[in-house]
Amino acid sequence: MKSYAAVDLGASSGRVMVGRVGPDSLELGEAHRFANRPVRVPEGLRWDILSLYGGVLDGLRAAGQVDSVGIDSWAVDYGLLDGDGVLLGNPVHYRDSRTDGIAEKVWATVPAEELYAATGLQYAPFNTLYQLTAARSTAQLKCAERLLLIPDLLTHWLTGEQGTEITNASTTQLIDPRTRDWSYDVAARLGIDLDLFAPLRQPGDAAGVLRPEVLEETGLTGPVPVTAVGSHDTASAVAAVPAGEGERFAYICTGTWSLAGLELDAPVLTEESRAANFTNELGLDGTVRHLRNIMGLWLLQECVRAWGEPELGALLLAAAKVPALRSVVDAGDAAFLAPGRMPERIAEACRVSGQPVPGSPAEITRCILDSLALAHRRAVADAQRIAGQPVDVVHVVGGGTRNALLCQLTADACGLPVVAGPSEAAALGNVLVQARAHGLVGDLADGRRLLTRTQPLTRYKPQGDTAPWREAEARLAAR
């Protein structure tokens, strides 16, 4: 048995998990969990990166002696370093408003169609490319000598080494998914200096060893290697989809966001794919994650926060009793991107569209879950059509697997069986890559077989027909 520390950072919390891997065993436990609370300062919304790093150190101390460490996190955001390697301010949060209106400026130089054909990335206002364009005239960017994406920044602080892990780099909108290298033409046309980025790394590459100061602070005995994993948490989560070999599957990685799509051997760079707002992000073993970003459980998280943190189990039981599909909203609407007043904004969207206005927390929760299931249905159907790859089952992984109502509604909406689990998919994918680097696990299929044997999974069969969902979909499209 070997032990691996998986640092898994989400948009609202971080945790250090410890995975123990043997020839036919995989156990995962939580060593430490800590909050990830963005801070609004006069210049905008920022990540409290020092607090996150402190949480990582506390987690490594709680984990005890491990054979390797790997870090995954959310995508697109970054820290800037000066020539001495010192961080130039707290990283900007992707929900900050600085990229408002920036896409149109980018498209004036590189039209949206050309940008998609070159990078395969869906439009999202917070993609790194737009963030860098927004920051072009700032003193901070002018002083920067290095740009490190969030997991690479924390890896640098742990090891002193610098690199850019490829699965996360593919979310910058500066990678060509066909060559799995930088899109030099796009960067040159937009005046983005690719020398800011450290050399590209692949999942499984060595990323250094813990510095002596880190060993002293965490109580670990060195050398402790740090391994590059699928550092975009979705890449790690998809690696942990427990699909059988040859199984035709779609996946939905659930949490703050829902990422729904297919695992492909090559990107889909057609105009149809662009118009449907599907992205082509890079995964393990040469795979491509052809998926759509959906707002996800962020909608419910914000409502729960506004309601004073009621008990979630009771809220979901009450929501299950609310009539289905009474009111739905577009879960991908950018109007829901910013924090604050989420219950009122959802109610207002229903009012403006002429639907019954949900008033109670149970009604609003049911509206959110029906809307998410409907968005899952559209994404799975669109992915099959665009890629020409039919599926027989939907795998739901991540935190949303604990929400039985959402899983059942997703099965009902898609008209397909849903296999839910594992809930800690990103951490498990992180651990599997580290175990592969040590020769304990083989290829992607081998890791998935191990997950199927060792992790609890729940199956949901679709109930009823999909006609009500088709009708709700048509109503939403008509608005």
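Residues numbered from 1 in each chain as written. Predicted model: local features only at pLDDT ≥ 70, side-chain atom pairs only at ≥ 80, totals over all residues. Heavy atoms only, no water.

Draft legend 1. The arrangement of the pattern of salt bridges in detail. Taken as a whole and judged by the stated rule, the model has 28 salt bridges. The salt bridge partner of Glu 281 is Arg 289, with a shortest N-O separation of 2.7 Å. Take Glu 281 and Arg 289: they sit in the same class, and that class is buried. One salt-bridge network, in which partners are shared between bridges, spans Asp 8, Arg 15, Glu 30, Arg 33, Arg 402 and Glu 424. (Salt bridge = Lys/Arg side-chain N within 4 Å of Asp/Glu carboxyl O. Buried < 20%, exposed > 50% of the residue type's maximum accessible area, 1.4 Å probe, protein only.)

Draft legend 2. Structural view of the nonpolar core. Grouped together as the largest cluster of nonpolar side chains are 127 residues, with contacts concentrated most on Leu 154, Leu 299 and Ile 346. Looking at this core, the element that brings in the most residues is helix α15 (residues 361-387), giving twelve residues. (Core = buried A, V, L, I, M, F, W, Y, C linked by side-chain atoms within 4.5 Å. Helix = DSSP H or I, 4+ residues; strand = E, 2+ residues; numbered from the N terminus.)

Draft legend 3. Broad picture of the packing of aromatic side chains. Within the structure shown, the criterion is met by nine aromatic pairs. On the numbers, 4.1 Å between centres and 35° between planes, the contact of Trp 47 with Trp 74 is tilted. Taken as a pair, Trp 47 in the loop between β5 (44-46) and α1 (49-63) and Trp 74 in the loop between β6 (68-72) and β7 (78-81) lie far apart in primary sequence, 27 residues in all. A relative accessible area of 1% places Trp 47 in the buried class. Relative accessible area serves as the criterion here: at 6%, Trp 74 is assigned to the buried category. Arranged with centres 6.4 Å apart and planes meeting at 50°, the rings of Tyr 94 and Trp 257 form a pair that is tilted. You can see Tyr 94 sitting in the loop between β7 and α2 (102-109) and its partner Trp 257 sitting in the loop between β15 (249-254) and β16 (258-264), a full 163 residues away along the chain. Relative accessible area serves as the criterion here: at 6%, Tyr 94 is assigned to the buried category. Here the aromatic cluster, defined as three or more aromatic residues joined through ring pairs, consists of Trp 47, Trp 74, Tyr 94, Phe 126 and Trp 257. (Phe/Tyr/Trp six-rings, centres within 6.5 Å; stacked < 30°, edge-to-face > 60°.)

Draft legend 4. Broad picture of the sheet that holds strand β18 (residues 288-294). Taken in spatial order, the seven strands line up as β17-β18-β16-β15-β19-β20-β21 in an open sheet, and their pairing is mixed. In this open sheet, the two strands that pair with only one neighbour each are β17 (279-282) and β21 (458-460). Averaged over all pairs of adjacent strands, the angle between their axes in this sheet comes to 30°, without regard to strand direction. For β15 and strand β19 (residues 393-398), the ladder comprises six bridges, and the chain directions are parallel. Across the sheet, Phe 249 pairs through a bridge with Val 393, a residue of β19. (Pairing = 2+ DSSP bridges. Axes fitted to C-alpha atoms, helices over the stretch in contact; angles between N-to-C directions.)

Draft legend 5. Spotlight on the packing of α1 against helix α6 (residues 150-159). The contact between α1 and α6 brings their axes to 11 Å, and the two run at 60°. As the angle between them shows, α1 and α6 are arranged oblique. Judged by the sense of rotation from one axis to the other, the crossing of α1 with α6 is right-handed. Between α1 and α6, the residues in contact are Ile 49, Leu 50, Tyr 53, Val 56, Leu 57 and Leu 60 and Ile 150, Leu 153, Leu 154, Trp 157 and Leu 158, respectively. Across the contact of α1 with α6, the residue classes break down as eleven nonpolar, no polar and no charged. (Parallel < 35°, antiparallel > 145°, perpendicular 65-115°, else oblique. Left-handed = near helix turned anticlockwise from the far one by under 90°. Contact = heavy atoms within 4.5 Å. Nonpolar A, V, L, I, M, F, W, Y, C, P; charged D, E, K, R; others polar.)

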